[in-house]
Amino acid sequence: MYIPFPKNSKFCSFIKCSNRIVALVLAIMLSTPVLLRAQDSTAAAAPAGGGDVAKGESLFKNNCAQCHAVTDERVVGPGLKGATSRQDMPWLIKWVRNSQAVIASGDPYAVKLYNEYSKAQMTSFPNLSEDDIKSIFAYVDQAATAPAPTAAAAGGAPAATGAADSGPSDLFMIVVVALVVVMLLVLGVLLVIVSLLSKAVAGGTEAAPKADFMTRLSTSLKNFAMDSSIRSATIWVFALLVLKATIDGAFNVGVQQGYAPKQPISFSHKLHAGEYKIDCNYCHTGVNRGKSAHIPSANICMNCHGVIKKESPEIQKIYTSIEKNQPIEWVRVHNLPDLAYFNHAQHVNVGGVECENCHGDVAQMEVIQQRSSLTMGWCIDCHRKTEVNTKDNQYYDKLVQLHGSESKEALKVADIGGLECSKCHY
Ligand code: HEC
Ligand code: HEC
Ligand code: HEC
Ligand code: HEC
Ligand code: HEC
Ligand code: HEC
């Protein structure tokens, strides 16, 4: 990103250096997310990485938790939140090792506390080292400032460590984006200044040095836009973005994952298959017998709705359909292209694959939704990973024997031809 400036000018060095500033800002801008991310991960790793806090936590739980909370809540003894600001560390160490000795020495704070807690005696911990005690208070301080994980930790749940695994938070991303935007603005302003200065230097002897600020600004912006390297860089970035969008788009043509159209009758799988536990086969009569699972006809609904909830307007739609002898026009959700062959019975009956593996938890769906992508990659992926259900199936006995003599791995669908084009394509 080279911005031309005249030679032999006293501004030269400054402008040269401005160019460097621009480069520097660019570099910072590009590396900010990386830096922040790195920082974020070390920050997250530190407490989990064994250090004092972790040790302190286990010491606290084993020795102190039955009498103390890390909040300011009173249990048997006072809440330890802020204990390190009430007394200094040497005092705390003495206290924890032998609180009775501190009280006996006449220490006014200790005596007052002792009386406040109706002379309840705190256990002495002469075996705890100074480091141990420092660790305990490091943990107490940390836990007191991070209330949510503390509650979980007190309950013994490993929630705190789990949270460290999750990716950067939304807030973090917002901050990064805001930073990048600000840096972009700074960059823009710097570029304008640089170009203004070089203009000023170049045009110092020209006729209209007092051209007003706006015209100078606009010419410098124009120059900025005309600069060939900037232009080509912009075009490149733009072209790459378009290319990426096109490729992403091309891979998603015809993929309807998440498709959940409104149906003519508000039929709920959650109610029928979930709450009333009606078997999928009761309505989808084809799943064990053929290629298609079948959508139930209105007559199957009438088995129950001849009696149940007749007065409901939604149920009345079933009646209307039967009276007019017109099928209910359910909107089809799953739909493979004609070039692909898929058979339910092969998967459900022979393969023993559960409906959920391909359709998701239908019994929880108010409105049916396509959960899987149904792409070729999806089929192939499962065929590579899934073992063939060979139990009680004589058809496979020979194959299993043969396969066992050649390989130690279990027989996968891929091994029985599940990756052959002709199996899925007519
Ligand atoms: C058997 C209950 C009991 C246990 C176990 C216990 N404490 Fe205490 N602690 C007390 C009581 C009660 C007091 C209030 C003073 C008193 O009555 O002696 C107290 C007071 C304190 C204080 C002073 C609090 C303040 O507000 O300044 C600190 C610090 C403290 N304990 C730390 C610890 C640590 C650290 C451990 C674990 C290593 C621990 N205690 C274990 C009962 C206990
Ligand atoms: C095995 C019995 C059974 C079958 C078959 C059945 N349903 Fe239902 N359906 C029920 C029960 C039970 C309820 C809950 C009634 C209630 O809330 O009191 C219900 C509720 C409904 C409701 C909600 C009615 C409302 O207004 O709250 C709709 C809509 C519905 N069914 C549509 C259908 C359709 C369409 C079919 C056929 C594809 C069908 N049902 C098949 C038993 C059945
Ligand atoms: C009471 C009858 C009934 C039961 C029981 C039932 N379904 Fe359905 N199912 C329907 C009806 C009616 C439709 C078409 C309307 C719709 O899409 O909501 C349907 C649609 C579907 C579809 C989407 C079809 C398409 O258009 O692509 C899937 C997948 C499905 N059911 C799976 C299941 C599974 C899995 C179960 C068992 C957990 C189940 N169903 C139980 C009646 C039933
Ligand atoms: C191995 C994956 C897989 C399993 C297991 C599976 N399905 Fe399907 N299901 C599909 C695919 C793929 C389609 C789309 C078929 C098409 O468009 O030709 C589909 C379509 C459907 C349809 C729409 C009607 C049709 O046949 O096109 C229903 C209803 C259905 N499945 C119900 C079920 C039920 C109920 C079960 C469990 C008993 C089940 N499916 C198990 C993959 C599966
Ligand atoms: C959840 C896993 C899973 C998914 C997803 C899946 N399949 Fe399968 N498929 C199986 C299993 C298991 C078998 C073996 C059944 C058997 O024992 O014959 C099988 C067998 C087959 C066979 C017969 C292969 C042979 O050599 O006998 C065909 C064809 C097939 N699948 C097509 C498809 C298509 C098309 C899709 C995608 C739309 C698909 N499958 C998605 C698990 C899956
Ligand atoms: C397990 C089943 C399965 C096997 C094996 C399989 N395909 Fe496919 N293929 C599919 C399905 C399902 C689709 C449709 C995917 C979609 O709509 O996104 C598809 C789509 C395609 C398409 C894209 C067609 C279009 O209109 O986008 C081509 C090309 C194709 N397959 C070629 C092959 C070739 C070549 C092989 C053998 C090396 C093969 N397939 C093996 C299931 C399979």
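Quick caveat: nothing in here was measured; it's all calculated off a predicted structure.

**A short note on the site of ligand 3**
- Among the 20 residues in the neighbourhood of ligand 3, the closest are listed as H269, C280, C283, H284 and H334.
- Separating an oxygen atom of ligand 3 from a side-chain N or O atom of Q263 is a distance of 3.2 Å.
- Going through the elements one at a time, α13 (269-275), α14 (280-283) and α18 (355-359) are the ones with two or more residues in the shell around ligand 3.

**Description of the coordination of the iron atom of ligand 5**
- In this structure, H347 (NE2) and H383 (NE2) serve as the protein donors to the iron atom of ligand 5, at separations of 1.9 Å.
- Around the iron atom of ligand 5 sit six donor atoms, and with donor-metal-donor angles ranging over 89 to 180 degrees the site reads as octahedral. One end of the pair, H347, is in helix α17 (residues 344-350); the other, H383, is in helix α19 (residues 376-385), with 36 residues separating them in the sequence.
- We classify H347 as partly exposed; its relative accessible area is 23%.

**Quick notes on the coordination of the iron atom of ligand 2**
- Every protein donor of the iron atom of ligand 2 is listed here as H272 (NE2) and H305 (NE2), and their distances to the metal cover 1.9 Å.
- Around the iron atom of ligand 2, the six donor atoms sit at angles spanning 88 to 179 degrees, and that spread fits a shape best called octahedral. Taken together, the residues H272 in helix α13 and H305 in helix α15 (residues 298-305) connect sequence positions 33 residues apart.
- Accessibility expressed as a relative area gives 13% for H305, which makes it buried.

**Description of the site of ligand 4**
- Taken together, 20 residues lie near ligand 4, and L336, H344, C355, C358 and H359 sit nearest.
- For ligand 4, an oxygen atom lies 2.8 Å from a polar atom in the backbone of A293.
- Interatomic distance of 2.7 Å between a side-chain N/O atom of H359 and a nitrogen atom of ligand 4.
- Only α17 and α18 provide two or more residues apiece to the shell around ligand 4.
- Split into classes, the residues belonging to the shell around ligand 4 amount to 11 nonpolar, seven polar and two charged.

**Topic: the side chain of H403**
- Counting through the fold element by element, H403 comes out in helix α20 (residues 394-406).
- One polar contact links the side chain of H403 to the main-chain carbonyl oxygen of E409, over a distance of 3.0 Å.
- If sequence neighbours within four positions are ignored, H403 has contacts with E409, A410, L411 and D415.

**Section: the nonpolar core**
- Ranked by size, the top nonpolar core spans 26 residues in total, and within it F60, W95, V96, L128, I136, Y139 and V140 carry the most contacts.
- For this core, the element with the most residues is helix α7 (residues 130-145), which contributes six residues.
- Core analysis: the second largest hydrophobic core is formed by seven residues, C301, I315, Y319 and I328 among them.

**As for a nonpolar patch on the surface**
- Residues W236, L240, L243, I247 and F251 make up a contiguous nonpolar surface patch of roughly 600 Å² in combined accessible area.
- Structurally, L243 can be placed in helix α12 (residues 228-251).

**Some words on the pattern of salt bridges**
- The full count for this structure, using the stated rule, is eight salt bridges.
- K317 is the salt-bridge partner of E314, the closest N and O atoms lying 3.3 Å from each other. One end of the pair, E314, and the other, K317, are both in helix α16 (residues 313-323), three residues apart, so they sit about a helical turn from each other.

**Notes on the confidence of the model for the protein chain**
- On average, residues of the protein chain score 80 in pLDDT, and 80% of them are at 70 or above.
- Below pLDDT 50 for its whole length, residues 30-51 participates in 14 contacts with residues either more than four positions away or in separate chains.
- Per-residue pLDDT stays below 50 along residues 149-168; that stretch engages in 11 contacts with residues further than four places along the chain or on separate chains.

**Side note on the packing of α15 against α16**
- Packing of α15 against α16 leaves a shortest axis separation of 10 Å and a crossing angle of 130 degrees. The pairing of α15 with α16 is recorded here as oblique in orientation. In the crossing of α15 with α16, the sense of the turn from one axis to the other is left-handed. Of the residues in α16, those touching α15 at A298, N299, C301, M302 and H305 are I315, I318, Y319, S321 and I322.
- For the contact of α15 with α16, a count of residues per class yields seven nonpolar, three polar and no charged.

**Here we look at helix α2 (residues 52-63)**
- With 12 residues, α2 should reach 16 Å at 1.5 Å per residue; the first-to-last C-alpha distance of 16 Å fits that figure.
- Turning to α2, its buried residues are V53, G56, L59 and F60. End-on view of α2: buried residues confined to an arc of 125 degrees, all on one side of the axis.
- Summarising the contacts, the buried residues of α2 are in contact with α7.

**Observations concerning the environment of Q121**
- Relative to the assigned elements, Q121 resides in the loop between α6 (108-116) and α7.
- Residue classification places Q121 among the exposed positions, given a relative accessible area of 57%.
- Considering only alpha carbons, one finds Q121 and G77, 44 residues apart in sequence, at a separation of 9.2 Å.
- Ignoring any residue separated from it by four or fewer positions in sequence, one finds Q121 in contact with Q100 and Y114.

About the thresholds
Residues numbered from 1 in each chain as written. Chains lettered and ligands numbered in written order. Predicted model: local features only at pLDDT ≥ 70, side-chain atom pairs only at ≥ 80, totals over all residues. Heavy atoms only, no water. Near = heavy atom within 4 Å. Polar contact = N/O pair within 3.5 Å; in protein donor to acceptor, adjacent residues only side chain to side chain. Helix = DSSP H or I, 4+ residues; strand = E, 2+ residues; numbered from the N terminus. Donors = N, O, S within 2.8 Å, 3.2 Å for Na, K, Ca; no water. Tetrahedral: all angles 85-135°; square planar, octahedral: opposite > 155°, others 65-115°. Buried < 20%, exposed > 50% of the residue type's maximum accessible area, 1.4 Å probe, protein only. Nonpolar A, V, L, I, M, F, W, Y, C, P; charged D, E, K, R; others polar. Contact = heavy atoms within 4.5 Å. Core = buried A, V, L, I, M, F, W, Y, C linked by side-chain atoms within 4.5 Å. Patch = residues over 30% accessible without salt bridge, like charges linked within 9 Å, V, L, I, M, F, W, Y side chains within 5 Å. Areas by Shrake-Rupley, 256 points an atom, 1.4 Å probe, with all protein chains shown as cover. Salt bridge = Lys/Arg side-chain N within 4 Å of Asp/Glu carboxyl O. pLDDT = per-residue confidence, 0-100. Axes fitted to C-alpha atoms, helices over the stretch in contact; angles between N-to-C directions. Parallel < 35°, antiparallel > 145°, perpendicular 65-115°, else oblique. Left-handed = near helix turned anticlockwise from the far one by under 90°. Expected span 1.5 Å × (residues − 1). Arc of directions from axis to C-beta.

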